[in-house]
Amino acid sequence: MTTTLAVLNQKGGAGKTTLSTNIACQLQLNDYRVLLVDSDPQGSARDWHAASDGQHLPVVGLDRATLDRDIKAITKDYDWVVIDGAPQLREMAVAAIKAADVILIPVQPSPYDIWACSDLVELIKSRQEVTDGRPKTAFVISRVIQGTKLSKEVREALAEYGLPVFEHFTSQRVIYPNSAASGSTPMLMEPSGEGAKEVQRITRELNNFITGGITRGTHSEAAL
Ligand SMILES: Nc1ncnc2c1ncn2[C@@H]1O[C@H](COP(=O)(O)OP(=O)(O)OP(=O)(O)O)[C@@H](O)[C@H]1O
Ligand SMILES: [Mg+2]
(Lines give C-alpha, C1' and ligand atoms only; values in the text may rest on other atoms or scores of the structure.)
(Ligands and ions follow the chains in the order given, each with its own letter.)
Protein backbone atom coordinates (compact mmCIF):
# COMPACT_ATOMS: atom_id res chain seq x y z
CA MET A 1 0.00 0.00 0.00
CA THR A 2 1.17 3.49 -0.83
CA THR A 3 1.01 6.40 1.59
CA THR A 4 0.89 9.80 -0.07
CA LEU A 5 2.25 12.67 2.01
CA ALA A 6 1.70 16.24 0.82
CA VAL A 7 3.84 19.04 2.28
CA LEU A 8 1.78 22.15 1.78
CA ASN A 9 1.72 25.83 2.62
CA GLN A 10 0.69 28.54 0.22
CA LYS A 11 3.16 30.92 1.81
CA GLY A 12 6.49 31.06 -0.02
CA GLY A 13 9.62 30.04 1.86
CA ALA A 14 7.79 28.16 4.63
CA GLY A 15 10.14 25.18 4.27
CA LYS A 16 8.07 22.88 2.03
CA THR A 17 10.88 21.78 -0.27
CA THR A 18 13.32 21.40 2.61
CA LEU A 19 10.88 19.28 4.60
CA SER A 20 9.70 17.18 1.68
CA THR A 21 13.18 16.38 0.32
CA ASN A 22 14.42 15.58 3.81
CA ILE A 23 11.51 13.39 4.86
CA ALA A 24 11.65 11.60 1.50
CA CYS A 25 15.39 10.96 1.99
CA GLN A 26 14.91 9.74 5.56
CA LEU A 27 12.09 7.40 4.53
CA GLN A 28 14.36 5.96 1.86
CA LEU A 29 17.12 5.49 4.44
CA ASN A 30 14.51 3.57 6.45
CA ASP A 31 14.28 1.18 3.47
CA TYR A 32 10.99 2.38 2.04
CA ARG A 33 10.50 2.77 -1.70
CA VAL A 34 9.99 6.52 -2.06
CA LEU A 35 8.97 8.79 -4.93
CA LEU A 36 9.21 12.56 -4.62
CA VAL A 37 6.65 14.51 -6.66
CA ASP A 38 7.47 18.13 -7.45
CA SER A 39 4.13 19.94 -7.81
CA ASP A 40 5.73 23.38 -7.93
CA PRO A 41 6.19 24.96 -11.38
CA GLN A 42 9.36 26.62 -9.93
CA GLY A 43 10.80 23.09 -9.96
CA SER A 44 12.88 23.37 -6.79
CA ALA A 45 12.69 19.65 -5.95
CA ARG A 46 13.69 18.85 -9.54
CA ASP A 47 16.61 21.29 -9.24
CA TRP A 48 17.63 19.59 -5.98
CA HIS A 49 17.46 16.23 -7.74
CA ALA A 50 19.49 17.48 -10.72
CA ALA A 51 22.15 18.93 -8.40
CA SER A 52 22.99 15.37 -7.29
CA ASP A 53 22.77 14.01 -10.86
CA GLY A 54 19.67 12.18 -9.73
CA GLN A 55 21.63 9.99 -7.32
CA HIS A 56 19.41 9.80 -4.30
CA LEU A 57 15.72 9.51 -5.05
CA PRO A 58 13.39 9.32 -8.04
CA VAL A 59 11.75 12.73 -8.55
CA VAL A 60 9.00 13.56 -11.04
CA GLY A 61 7.28 16.83 -11.84
CA LEU A 62 3.47 17.00 -11.79
CA ASP A 63 2.71 20.68 -11.68
CA ARG A 64 -0.76 20.91 -13.17
CA ALA A 65 -4.10 20.89 -11.39
CA THR A 66 -4.70 17.35 -12.70
CA LEU A 67 -2.12 16.16 -10.12
CA ASP A 68 -4.64 14.10 -8.13
CA ARG A 69 -5.55 12.09 -11.22
CA ASP A 70 -2.10 11.93 -12.81
CA ILE A 71 -0.43 10.68 -9.64
CA LYS A 72 -2.52 7.49 -9.57
CA ALA A 73 -0.65 6.10 -12.56
CA ILE A 74 2.76 6.34 -10.91
CA THR A 75 2.35 5.57 -7.22
CA LYS A 76 1.82 1.83 -7.19
CA ASP A 77 5.49 0.83 -7.06
CA TYR A 78 6.19 2.95 -4.00
CA ASP A 79 5.57 2.70 -0.27
CA TRP A 80 5.65 6.47 0.06
CA VAL A 81 4.92 9.28 -2.35
CA VAL A 82 5.95 12.70 -1.03
CA ILE A 83 4.47 15.76 -2.76
CA ASP A 84 6.39 19.01 -2.49
CA GLY A 85 3.67 21.68 -2.56
CA ALA A 86 3.59 24.84 -4.64
CA PRO A 87 3.24 28.30 -3.08
CA GLN A 88 0.24 30.48 -3.91
CA LEU A 89 -1.45 28.27 -6.47
CA ARG A 90 -4.80 27.43 -4.89
CA GLU A 91 -5.80 24.90 -7.53
CA MET A 92 -2.54 22.99 -6.94
CA ALA A 93 -3.23 22.92 -3.21
CA VAL A 94 -6.75 21.57 -3.87
CA ALA A 95 -5.37 18.82 -6.12
CA ALA A 96 -2.64 17.89 -3.62
CA ILE A 97 -5.19 17.73 -0.78
CA LYS A 98 -7.28 15.33 -2.86
CA ALA A 99 -4.24 13.16 -3.60
CA ALA A 100 -2.95 13.03 -0.03
CA ASP A 101 -3.43 10.51 2.76
CA VAL A 102 -1.57 12.77 5.15
CA ILE A 103 -0.57 16.45 5.04
CA LEU A 104 2.19 18.29 6.86
CA ILE A 105 2.12 22.08 6.94
CA PRO A 106 5.56 23.55 7.66
CA VAL A 107 5.13 26.94 9.26
CA GLN A 108 7.63 29.43 10.56
CA PRO A 109 7.10 30.57 14.15
CA SER A 110 5.89 34.10 13.41
CA PRO A 111 2.40 35.60 13.56
CA TYR A 112 2.37 36.53 9.86
CA ASP A 113 3.20 32.99 8.87
CA ILE A 114 0.63 31.55 11.24
CA TRP A 115 -2.12 33.88 9.95
CA ALA A 116 -1.21 33.07 6.35
CA CYS A 117 -2.24 29.41 6.87
CA SER A 118 -5.93 30.17 7.26
CA ASP A 119 -6.94 29.65 3.62
CA LEU A 120 -5.09 26.33 3.40
CA VAL A 121 -6.58 25.11 6.68
CA GLU A 122 -10.08 25.95 5.40
CA LEU A 123 -9.44 24.00 2.19
CA ILE A 124 -8.20 20.99 4.17
CA LYS A 125 -11.10 21.09 6.61
CA SER A 126 -13.68 21.24 3.84
CA ARG A 127 -12.07 18.15 2.34
CA GLN A 128 -11.97 16.37 5.72
CA GLU A 129 -15.68 17.01 6.18
CA VAL A 130 -16.60 15.00 3.11
CA THR A 131 -13.99 12.25 3.53
CA ASP A 132 -14.38 11.23 7.14
CA GLY A 133 -11.37 13.20 8.35
CA ARG A 134 -8.96 12.36 5.55
CA PRO A 135 -6.28 13.55 4.94
CA LYS A 136 -4.90 13.58 8.47
CA THR A 137 -3.10 16.89 8.84
CA ALA A 138 -0.60 18.42 11.24
CA PHE A 139 1.62 21.49 11.49
CA VAL A 140 5.40 21.16 11.71
CA ILE A 141 7.13 24.27 12.98
CA SER A 142 10.07 25.12 10.78
CA ARG A 143 13.18 27.25 10.98
CA VAL A 144 13.17 27.88 14.72
CA ILE A 145 16.02 30.24 15.60
CA GLN A 146 18.60 28.27 17.55
CA GLY A 147 19.26 29.30 21.09
CA THR A 148 15.74 30.66 21.52
CA LYS A 149 12.84 29.05 23.26
CA LEU A 150 9.94 28.20 21.02
CA SER A 151 7.20 30.13 22.68
CA LYS A 152 4.10 28.57 24.07
CA GLU A 153 2.16 31.23 22.13
CA VAL A 154 3.27 29.82 18.77
CA ARG A 155 1.93 26.36 19.57
CA GLU A 156 -1.23 27.83 21.06
CA ALA A 157 -1.86 30.09 18.06
CA LEU A 158 -1.45 27.12 15.71
CA ALA A 159 -3.61 24.88 17.89
CA GLU A 160 -6.45 27.39 17.42
CA TYR A 161 -6.78 26.10 13.88
CA GLY A 162 -7.94 22.83 15.43
CA LEU A 163 -5.15 20.75 13.89
CA PRO A 164 -2.38 18.97 15.79
CA VAL A 165 1.11 20.45 15.99
CA PHE A 166 4.09 18.10 15.81
CA GLU A 167 6.22 18.10 18.90
CA HIS A 168 9.37 18.02 16.74
CA PHE A 169 10.47 20.83 14.46
CA THR A 170 13.36 22.03 12.34
CA SER A 171 15.75 24.71 13.54
CA GLN A 172 17.40 27.32 11.38
CA ARG A 173 20.63 25.50 10.42
CA VAL A 174 23.08 26.05 7.57
CA ILE A 175 23.26 22.31 6.94
CA TYR A 176 19.82 22.48 5.24
CA PRO A 177 20.75 24.92 2.43
CA ASN A 178 24.35 23.66 2.34
CA SER A 179 23.31 20.07 1.75
CA ALA A 180 20.53 21.10 -0.67
CA ALA A 181 23.09 22.90 -2.84
CA SER A 182 24.56 19.54 -3.87
CA GLY A 183 21.21 17.76 -3.98
CA SER A 184 21.90 16.14 -0.63
CA THR A 185 20.44 16.22 2.89
CA PRO A 186 21.82 16.51 6.43
CA MET A 187 21.42 12.73 6.89
CA LEU A 188 23.73 12.03 3.95
CA MET A 189 26.22 14.82 4.66
CA GLU A 190 26.39 14.78 8.45
CA PRO A 191 24.59 11.64 9.61
CA SER A 192 25.26 12.23 13.28
CA GLY A 193 24.64 16.00 13.15
CA GLU A 194 21.78 17.87 14.78
CA GLY A 195 20.01 18.57 11.47
CA ALA A 196 19.89 14.85 10.67
CA LYS A 197 18.51 14.16 14.14
CA GLU A 198 15.75 16.72 13.67
CA VAL A 199 14.63 15.11 10.42
CA GLN A 200 14.75 11.64 11.99
CA ARG A 201 12.56 12.81 14.88
CA ILE A 202 10.02 14.41 12.54
CA THR A 203 9.92 11.30 10.35
CA ARG A 204 9.39 9.08 13.39
CA GLU A 205 6.63 11.38 14.58
CA LEU A 206 5.04 11.22 11.12
CA ASN A 207 4.99 7.41 11.26
CA ASN A 208 3.40 7.54 14.73
CA PHE A 209 0.90 10.13 13.55
CA ILE A 210 -0.24 7.90 10.72
CA THR A 211 -0.54 4.86 12.91
CA GLY A 212 -2.56 6.79 15.46
CA GLY A 213 0.15 7.85 17.91
CA ILE A 214 -0.27 10.97 19.97
CA THR A 215 0.67 14.41 18.76
CA ARG A 216 -0.41 17.05 21.15
CA GLY A 217 -2.33 20.09 19.97
CA THR A 218 -0.39 22.22 22.38
CA HIS A 219 2.84 21.63 24.17
CA SER A 220 4.02 23.96 26.85
CA GLU A 221 7.63 24.48 25.93
CA ALA A 222 10.04 22.75 23.62
CA ALA A 223 13.57 22.38 24.84
CA LEU A 224 15.91 23.51 22.09
N1 LIG B 1 15.51 24.68 8.82
C2 LIG B 1 16.12 25.50 7.96
N3 LIG B 1 17.31 26.06 8.27
C4 LIG B 1 17.92 26.90 7.40
N5 LIG B 1 17.44 27.23 6.20
C6 LIG B 1 16.27 26.70 5.84
C7 LIG B 1 15.54 25.80 6.68
N8 LIG B 1 14.40 25.43 6.04
C9 LIG B 1 14.42 26.07 4.87
N10 LIG B 1 15.53 26.83 4.73
C11 LIG B 1 15.90 27.69 3.60
O12 LIG B 1 14.88 28.65 3.45
C13 LIG B 1 14.56 28.85 2.09
C14 LIG B 1 13.09 28.48 1.85
O15 LIG B 1 12.94 27.09 2.16
P16 LIG B 1 12.18 26.13 1.16
O17 LIG B 1 12.66 26.34 -0.24
O18 LIG B 1 12.26 24.77 1.73
O19 LIG B 1 10.71 26.71 1.33
P20 LIG B 1 9.46 26.47 0.36
O21 LIG B 1 8.26 26.55 1.22
O22 LIG B 1 9.66 25.25 -0.43
O23 LIG B 1 9.56 27.74 -0.59
P24 LIG B 1 8.66 27.99 -1.92
O25 LIG B 1 7.35 28.45 -1.41
O26 LIG B 1 9.42 29.04 -2.67
O27 LIG B 1 8.58 26.69 -2.64
C28 LIG B 1 15.54 27.99 1.30
O29 LIG B 1 16.63 28.81 0.95
C30 LIG B 1 15.95 26.92 2.30
O31 LIG B 1 17.25 26.44 2.04
MG1 LIG C 1 9.52 24.93 -2.49
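Before any of the text, the structure's been laid out above.
Reading the values: rules and limits
- Residues numbered from 1 in each chain as written.
- Chains lettered and ligands numbered in written order.
- Predicted model: local features only at pLDDT ≥ 70, side-chain atom pairs only at ≥ 80, totals over all residues.
- Heavy atoms only, no water.
- Helix = DSSP H or I, 4+ residues; strand = E, 2+ residues; numbered from the N terminus.
- Rg over C-alpha atoms; globule rule 2.2 N^0.38 Å.
- Buried < 20%, exposed > 50% of the residue type's maximum accessible area, 1.4 Å probe, protein only.
- Lys, Arg positive; Asp, Glu negative; His and termini not counted.
- Charge placed at Lys NZ, Arg CZ, Asp CG, Glu CD.
- Near = heavy atom within 4 Å.
- Polar contact = N/O pair within 3.5 Å; in protein donor to acceptor, adjacent residues only side chain to side chain.
- Areas by Shrake-Rupley, 256 points an atom, 1.4 Å probe, with all protein chains shown as cover.
- Nonpolar A, V, L, I, M, F, W, Y, C, P; charged D, E, K, R; others polar.
- Contact = heavy atoms within 4.5 Å.
- Salt bridge = Lys/Arg side-chain N within 4 Å of Asp/Glu carboxyl O.
- Expected span 1.5 Å × (residues − 1).
- Axes fitted to C-alpha atoms, helices over the stretch in contact; angles between N-to-C directions.
- Parallel < 35°, antiparallel > 145°, perpendicular 65-115°, else oblique.
- Pairing = 2+ DSSP bridges.
- Phe/Tyr/Trp six-rings, centres within 6.5 Å; stacked < 30°, edge-to-face > 60°.
- Lys NZ or Arg CZ within 6 Å of the ring centre and 35° of its normal.

1. Re the overall build of the protein
In step 1: Summing up its helical and strand segments, the protein has 10 helices and six strands in all.
In step 2: Its C-alpha atoms give the protein a radius of gyration of 16 Å, near enough to 17 Å, the size a compact globule of 224 residues would have.
In step 3: Taken along its principal axes, the extent of the C-alpha atoms in the protein is 45 × 40 × 30 Å.
In step 4: Scored against the burial criterion, the 224 residues of the protein give a buried share of 52%.
In step 5: Counting 23 positive and 27 negative side-chain charges, the protein places the averaged centre of each group 2 Å from the other.

2. As for the site of ligand 1
In step 1: Of all residues adjacent to ligand 1, which total 18 residues, the nearest are Lys16, Thr17, Thr18, Ser171 and Arg173.
In step 2: A distance of 3.0 Å is found between an oxygen atom of ligand 1 and a backbone nitrogen or oxygen belonging to Ala14.
In step 3: The separation between an oxygen atom of ligand 1 and a polar side-chain atom of Arg143 is 3.0 Å.
In step 4: Calculation on ligand 1 without its partners gives an accessible area of 630 Å², and the protein chains cover 80% of this total.
In step 5: Of all elements in the fold, only α1 (16–29) and α8 (175–181) reach the threshold of two or more residues within the shell around ligand 1.
In step 6: Looking at the shell around ligand 1, the element that brings in the most residues is α1, giving three residues.
In step 7: Split by residue class, the shell around ligand 1 holds four nonpolar, nine polar and five charged.

3. Regarding helix α4 (residues 90–99)
In step 1: Of all the positions in α4, only Met92, Ala93, Ala95, Ala96, Ile97 and Ala99 are classed as buried.
In step 2: Among the structural elements, β1 (3–7), α3 (67–70), β4 (80–84), β5 (102–107) and α6 (118–130) are those in contact with the buried residues of α4.

4. Brief notes about the pattern of salt bridges
In step 1: Here the structure, examined in full by the defined rule, presents nine salt bridges.
In step 2: For Arg46, the salt bridge identified is with Asp38, shortest N-O distance 3.0 Å.
In step 3: Residue classification places Arg46 among the partly exposed positions, given a relative accessible area of 28%.
In step 4: When its relative accessible area of 0% is taken as the criterion, Asp38 is described as buried.

5. Side note on α6
An α-helix turns once every 3.6 residues. As a result, residues three or four positions apart point the same way.
In step 1: The first and last C-alpha atoms of α6 sit 19 Å apart over 13 residues, in line with the 18 Å expected at 1.5 Å per residue.
In step 2: Looking at the packing, one finds that the buried side of α6 touches α4, β5 and β6 (136–141).

6. Points about the packing of α1 against helix α10 (residues 194–210)
In step 1: Look at α1 against α10: their axes get within 10 Å of each other, and the N-to-C directions meet at 75 degrees. By the criterion of interaxial angle, the relationship of α1 to α10 is roughly perpendicular. In this structure, α1 uses Leu19, Asn22, Ile23, Gln26 and Leu27 to contact α10, whose residues at the interface are Val199, Gln200, Ile202, Thr203, Leu206 and Asn207.

7. Considering the side chain of Ser52
In step 1: Here Ser52 shows up in the loop between α2 (44–51) and β3 (59–61).
In step 2: Given a relative accessible area of 4%, Ser52 falls into the buried group.
In step 3: Residues in contact with Ser52, not counting those within four places in the same chain, are Ser182 and Gly183.

8. Let's talk about the sheet that holds β1
The strands that make up a sheet are held in pairs by hydrogen bonds between backbone atoms, and each pair lies either parallel or antiparallel.
In step 1: If you walk across this open sheet you meet the six strands as β3-β2-β4-β1-β5-β6, and the pairing is parallel. In this open sheet, the two edge strands, each paired with only one partner strand, are β3 and β6. Going from strand to strand, the sheet's axes swing by 20 degrees on average, the running direction of each strand aside.
In step 2: Where β1 lies against β5, three bridges are found, and the strand directions are parallel. Opposite Ala6, over in β5, you have Ile103 as the bridge partner.
In step 3: Set on the sheet, α1 makes contact with β1, β2 (34–38), β4, β5 and β6; between it and β4 the angle comes to about 165 degrees.

9. Focus on the packing of aromatic side chains
For any pair of aromatic rings, geometry is given as the distance between the ring centres together with the angle between the planes.
In step 1: In this structure the tally under the stated criterion is four aromatic pairs.
In step 2: Taken together, a centroid distance of 5.7 Å and an interplanar angle of 80 degrees make the contact between Tyr112 and Trp115 edge-to-face. Within this pair, Tyr112 and its partner Trp115 are both found in helix α5 (residues 111–115), separated by three residues, close to a single helical turn.
In step 3: Looking at Tyr112, the relative accessible area reads 60%, which means it is exposed.
In step 4: Centre to centre, the rings of Phe166 and Phe209 are 5.5 Å apart; their planes meet at 80 degrees, and the pair counts as edge-to-face. Of this pair, Phe166 sits in the loop between α7 (152–159) and α8 while Phe209 sits in helix α10, and the two are 43 residues apart along the sequence. Taken individually, Phe166 and Phe209 each receive the classification buried, so the pair is uniform in this respect.
In step 5: Positioned above the aromatic ring of Phe209, the side-chain terminus of Lys136 is 4.7 Å from the ring centre.

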